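Analysis of the macromolecular model
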Amino acid sequence: MRESGSPPCQPRPETQLSRLGRPAAHPGPVNMPLHRASTIVFDTVAELEAAKAARFDKGTMFYGRFGTPDVFAFEGAIATLSGGVGTVAVPSGLAACVLPLVAFLKPGDHVLVTDSVYEPARTSLQAFIARSGVEVSYFDPRAGAQIAGQMRANTRLVYLESPGSLTFEVQDLPAIAAVARDKGVLTMCDNTWASPLYLKPLSLGVDLVVEAATKYVVGHSDAMIGTVTAADAAHHRLLRQAANWLGYRISPDDVYLAQRGLRTLAVRLERHYRTSLDLAAWLEGRPEVRRVLHPALPSHPDHALWRRDFSGASGLFAVELDTSKAGATIFAEALQLFSQGFSWGGYESLVLLTDPAHARTATRWDGQGTLVRLYAGLEDAEDLRADLQAGLERLKAFTNG
Ligand SMILES: *Cc1c(COP(=O)(O)O)cnc(C)c1O
């Protein structure tokens, strides 16, 4: 039995969420105070020079842009939850997608990207990374170990995202990571859908994990932040350097909101998981719906991979409605509890018409109807279902009228 008062040696995620990144000094506040800082002052030349020499080391206060204790506490919490050695927090999820590309790729290198990649990241790859002399090509998200066939002599990085946030293909991360590691190729994975709670890509052999903390970590649609976590200390240092090349500094207010959101991540996710699966299963039985893309549904083509690697599902999924864009518009605009808008991960339900055909180059989107992305918020599941039902009735009237 453990001594009373000492923490359990293997805290479970909920316990970690409540303990990580809190100030150690007692008496003191429960939460880490904000640090508003550009200049950090030193008493001696020697102290200032020592801080400069150590400025890329975790936890060194040197100048505001290199981080302050509130940022370090948040980064440490994400690193621990993700099973990594260190995290770099950046001003948005997209900045986190791009940071490893800037840190690890140089002209002449090749990056292999999942065809299901977050669309704005594809734009950054085309408009910015490719322009810097890096070869960019795309692969079928369901390639698994077959990805070996697309590796080139100059392949340096494989960019994964699982599941895709429009089309929900689940990737065989251990198989892809093993092939890449064998060839000395780095892997990164955008893990925003599952959050650090429901999937741990680093434990599956992936080198770098990206989170748009804007979504579930912040959790209230009121701040933007991204994180990149590395399994290797040298990689973490390079990421810190690249964040500095780019001049990033996170606002202390946003770090505070992200740290606060983290405290309730487990209870929120559990609810999003339950409600989204409820709604997805119900939608599957409706005649207006061609198919439902939710990895936790047994009908999903990658359900077995989801069961093997994930410990839960989130609130984001898609339905292919058996209708045109005009019909899907009738449906979306009839909804009272699902607002139209980008992003997700907050407490409020969302609906978005999507068109994945235009966002891919290596594979073809095989949908016949119109793909509508739904995000189940924290509202009552029965109310959400009634709202969807009313929307489908309106669609039916439109189709028959
Ligand atoms: C939203 C999102 C991002 C980008 O995050 P922002 O904070 O909006 O820049 C990256 N990847 C995925 C999968 C996302 O859903």
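The structure we're discussing is the one just above.
Summarised in this report is the structure supplied together with it. (Residues numbered from 1 in each chain as written. Predicted model: local features only at pLDDT ≥ 70, side-chain atom pairs only at ≥ 80, totals over all residues. Heavy atoms only, no water.)

Moving on to the overall build of the protein chain. Counting its regular elements, the protein chain contains 13 helices and twelve strands. Once the C-alpha set of the protein chain is aligned to its principal axes, its extents read approximately 80 × 55 × 45 Å. Looking at the protein chain as a whole, 55% of its 401 residues qualify as buried. Summed over all atoms, the accessible surface of the protein chain reaches about 17500 Å², with 52% contributed by carbon and sulfur. Of the charged side chains in the protein chain, 39 are positive and 42 negative, and the gap between their average positions amounts to 3 Å. (Helix = DSSP H or I, 4+ residues; strand = E, 2+ residues; numbered from the N terminus. Buried < 20%, exposed > 50% of the residue type's maximum accessible area, 1.4 Å probe, protein only. Areas by Shrake-Rupley, 256 points an atom, 1.4 Å probe, with all protein chains shown as cover. Lys, Arg positive; Asp, Glu negative; His and termini not counted. Charge placed at Lys NZ, Arg CZ, Asp CG, Glu CD.)

Another aspect to go through is the nonpolar core. Ranked by size, the top nonpolar core spans 57 residues in total, and within it F74, I147, V158, W193 and L262 carry the most contacts. Here V158 is in contact with L112, F139, I147, M151, I176, V185, L186, T187 and M188, once residues within four sequence places are set aside. (Core = buried A, V, L, I, M, F, W, Y, C linked by side-chain atoms within 4.5 Å. Contact = heavy atoms within 4.5 Å.)

As a further point, take the side chain of E288. Structurally, E288 can be placed in the loop between helix 10 (265–284) and strand 8 (289–293). In this structure the side chain of E288 is engaged in a polar contact, spanning 2.8 Å, whose partner is the side chain of R286. In this view, E288 contacts E320, L321, D322, L392, L395 and K396; residues no more than four positions away in its chain are not counted. (Polar contact = N/O pair within 3.5 Å; in protein donor to acceptor, adjacent residues only side chain to side chain.)

Helix 13 (residues 381–400) packs onto helix 12 (residues 325–334) with a crossing angle of 145 degrees between their chain directions and a minimal axis gap of 8 Å. Handedness of the crossing formed by helix 12 with helix 13: right-handed. Of the residues in helix 13, those in contact with A326, G327, I330, F331 and A334 of helix 12 are D387, L388, G391, L392, R394, L395 and F398. Partitioned by chemical class, the residues of the contact of helix 12 with helix 13 number eight nonpolar, two polar and two charged. (Axes fitted to C-alpha atoms, helices over the stretch in contact; angles between N-to-C directions. Left-handed = near helix turned anticlockwise from the far one by under 90°. Nonpolar A, V, L, I, M, F, W, Y, C, P; charged D, E, K, R; others polar.)

This next bit is on the sheet that holds strand 2 (residues 110–114). Reading across from one edge, 1-7-6-5-4-2-3 is the order of the seven strands in this open sheet, with mixed pairing throughout. Where the open sheet ends on each side, the last strands, each with one partner, are strand 1 (86–90) and strand 3 (135–139). Recorded for the sheet is a direction-independent mean angle of 20 degrees between the axes of neighbouring strands. Across four bridges, the pairing between strand 2 and strand 4 (residues 155–161) is parallel. Opposite V111, over in strand 4, you have L157 as the bridge partner. Its contacts with the sheet put helix 3 (residues 69–82) on strand 1, strand 6 (208–212) and strand 7 (226–230), and the angle it makes with strand 1 is roughly 130 degrees. The strands that helix 4 (residues 93–104) touches are strand 1, strand 2, strand 4, strand 5 (186–190), strand 6 and strand 7; relative to strand 6, the one it contacts most, it runs at about 155 degrees. (Pairing = 2+ DSSP bridges.)

What follows is about the site of the ligand. For the ligand, the set of nearby residues contains 13 residues, the closest of which are G93, L94, D190, T214 and K215. Between W344 and the ligand, the recorded distance is 3.5 Å, taken from a side-chain N or O atom to an oxygen atom. Within the complex, the protein chains bury 93% of what would otherwise be the 380 Å² of accessible surface of the ligand. A total of three residues in the shell around the ligand trace back to one element, the largest contributor, which is helix 4. For the shell around the ligand, the class distribution of residues is six nonpolar, four polar and three charged. (Near = heavy atom within 4 Å.)

Taken as a whole and assessed by the stated rule, the structure comprises 18 salt bridges. Here E393 ties to R286 by a salt bridge, and the two come within 3.2 Å at their closest N and O atoms. Of the two residues, E393 is situated in helix 13 and R286 in the loop between helix 10 and strand 8; the sequence distance between them amounts to 107 residues. By relative accessible area, R286 is classed as buried at 12%. Here E382 makes a salt bridge to R385, at a shortest N to O gap of 3.7 Å. With E382 and R385 both in helix 13 and three residues apart, the pair spans about one turn of that helix. (Salt bridge = Lys/Arg side-chain N within 4 Å of Asp/Glu carboxyl O.)

We now examine helix 8 (residues 233–245). Given 3.6 residues to a turn, an α-helix orients residues that are three or four positions apart in the same direction. Spanning 13 residues, helix 8 covers 19 Å between terminal C-alpha atoms, matching the ideal 18 Å at 1.5 Å per step. Tucked inside the fold, the buried residues of helix 8 contact helix 3, strand 1, helix 4, strand 5, strand 6 and strand 7. N-capping of helix 8 is provided by D232, with a side-chain oxygen placed 2.9 Å from the backbone N of A234. Looking one or two residues past helix 8, G247 carries a phi angle of roughly 80 degrees, positive in sign. (Expected span 1.5 Å × (residues − 1).)

This paragraph deals with the sheet that holds strand 11 (residues 350–354). Sheets are built from strands paired through backbone hydrogen bonds, the pairs being either parallel or antiparallel. An order of 8-9-12-11-10 is seen for the five strands of this open sheet, with the pairing classed as mixed. At either end of the open sheet lies a strand with only one pairing partner, and these are strand 8 and strand 10 (339–340). Pairing analysis gives four bridges linking strand 8 to strand 9 (residues 316–321), with the strands arranged antiparallel. What sits directly across from L293, in strand 9, is A318. Its contacts with the sheet put helix 12 on strand 9, strand 10, strand 11 and strand 12 (370–375), and the angle it makes with strand 11 is roughly 170 degrees.

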